[in-house]
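Here are the chains, one letter per residue:
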Amino acid sequence: MKKRLLIVLLSVCIAIISAFAFTACGETNGDGGNGGNGDGGNSGTTATTPETPDGGDNNDGDNQTPSGEVTPEAPATEGLAYELLGDDTYKVTGYTGTETEVNIPSMYNDKKVTAIGAAAFNERKDITSVTIGKNVTEIGEEAFYKCNGMTSVTIPDGLTSIGDYAFQNCSKLTSITLPAGATNLGEGAFRDCSGLTSMTLPSGVTRVANSLFYYCSGLKSVTLPDTVTAIEMSAFSGCTALESIAIPSGVTSIGTYAFYHCEKLTEIALPSVLTTIGNKAFGYCKGLTSVVIPKSVTSVGEYIFEYCNYSLTINCECKKADATGWNKNWNAGSSGYTLKVVWEYVA
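Remember, predicted model here, so these are calculated numbers, not experimental data.

A look at the pairing of strand S8 (residues 129–132)
With four bridges connecting them, strand S5 (residues 101–104) and S8 associate as parallel partners. Its bridge partner being in S8, Val-102 is matched across the sheet by Val-130. Pairing geometry for S8 and strand S10 (residues 152–154), over three bridges, is parallel. Across the sheet, residue Val-130 finds its bridge partner in S10, namely Val-153.

Topic: the sheet that holds strand S17 (residues 244–245)
Here we have three strands laid out as an open sheet, ordered S13-S15-S17, and parallel in their pairing. The open sheet is flanked by strand S13 (198–200) and S17, the only strands paired with a single partner. In terms of strand pairing, S13 meets strand S15 (residues 221–223) through three bridges, oriented parallel. Following the sheet pairing, Met-199 is matched in S15 by Val-222.

Concerning the side chain of Asn-135
As for its position among the elements, Asn-135 is in the loop between S8 and strand S9 (138–139). In terms of polar contacts, Asn-135 uses its side chain to reach the backbone carbonyl oxygen of Ser-106, at 3.0 Å.

Let's talk about the nonpolar core
By size, the foremost hydrophobic cluster in this structure holds 84 residues, and its most contacted members are Phe-121, Phe-167, Phe-190, Phe-236 and Phe-259. Sorting the residues of this core by element identifies strand S3 (80–84), strand S4 (90–95), S5, strand S7 (111–116), S8, strand S20 (290–293) and strand S22 (313–316) as the ones contributing at least two each. Looking at this core element by element, the count peaks at three residues for S4. Leaving out residues up to four positions away in the same chain, Phe-167 has contacts with Ile-139, Phe-144, Met-150, Val-153, Ile-162, Leu-173, Ala-189, Phe-190, Arg-191 and Cys-193.

Some thoughts on the packing of aromatic side chains
Applying the stated rule across the entire model yields 20 aromatic pairs. With a centroid separation of 5.2 Å and an interplanar angle of 10 degrees, the aromatic rings of Phe-144 and Phe-167 are classed as stacked. Of this pair, Phe-144 sits in the loop between S9 and S10 while Phe-167 sits in the loop between strand S11 (161–162) and strand S12 (184–185), and the two are 23 residues apart along the sequence. Both rings, one in Tyr-260 and one in Tyr-284, keep their centres 5.5 Å apart while their planes meet at 80 degrees; by these two values the pair is edge-to-face. Of this pair, Tyr-260 sits in the loop between strand S18 (253–254) and strand S19 (276–277) while Tyr-284 sits in the loop between S19 and S20, placing them 24 residues apart in sequence. With relative accessibility at 14%, the residue Tyr-260 sits in the buried group. By the ring-pair criterion, three or more aromatic residues cluster together here, those being Tyr-95, Phe-121, Phe-144, Phe-167, Phe-190, Phe-213, Phe-236, Phe-259, Phe-282 and Phe-305.

Cut-offs used in this document
Residues numbered from 1 in each chain as written. Predicted model: local features only at pLDDT ≥ 70, side-chain atom pairs only at ≥ 80, totals over all residues. Heavy atoms only, no water. Pairing = 2+ DSSP bridges. Helix = DSSP H or I, 4+ residues; strand = E, 2+ residues; numbered from the N terminus. Polar contact = N/O pair within 3.5 Å; in protein donor to acceptor, adjacent residues only side chain to side chain. Core = buried A, V, L, I, M, F, W, Y, C linked by side-chain atoms within 4.5 Å. Buried < 20%, exposed > 50% of the residue type's maximum accessible area, 1.4 Å probe, protein only. Contact = heavy atoms within 4.5 Å. Phe/Tyr/Trp six-rings, centres within 6.5 Å; stacked < 30°, edge-to-face > 60°.

Structure representation (structure tokens):
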């Protein structure tokens, strides 16, 4: 009996010792048991956002400041209509929105917006300002025709072409800054922009197109680049506030009505390579008191100084006998009188 009791007690002791040993092993395995990462914490994989490759289009619509900081482009205005072009870029073709401040984006559907189509904003008199995205290179004809509530337009540096009558009758625009590459300026592009006070055309422009500034009645000064060789018909006609203009030395032709009704012009120097002066080119330029016509001129239209001041003196460097290509009424004024001419003039 004593022997059996001793065996039972021995068995209990062994069981207790085994239990303690098992518990101790379990605690040791659980301490920091996250794969030995040391910090405890989490053992899951950390997700990272891929970097955008250099030169990618993800930020193509953003603008970079001189310090190199990228500022997000304003969101596109709702209501713009787009057309996918053959070169896989988009053109803005219309606007049905109600916002008066319009932002034309650089990108649409991950593709560049490169053009504003013909008559896209035609007669939207409610628009007050337009910001054009940096990828736009072309503004179509009559794109902003009669947007006469528009007071400002921001044109991108990459613009190269402005179509015929694109901004005609935007009478509240007081200034337009053209980028260096905007050398293709269509006929009447700024016609009837009576709020413009000054204008500088970029180098590379070769002609002041027909009616480009026709009746820009508030225009006081214009800077033309040396690359201009032609001032076409009615280019400055009706610029009644124009006080001064330097005609570039390479200009060979001045078109019909080119400076008609530029009443405040007091002097104008014609370049030594000029060959052609069109009909009534300086009609109603009542502020002129004298003009020198260089001997290079071989063709002169009729009434080129119509309704100018009676006291205007025209100094011609050529001989009268050499003026064979000149219209017989070239120096006729109004009411049958003729203006005073000095032939073989030497300055």
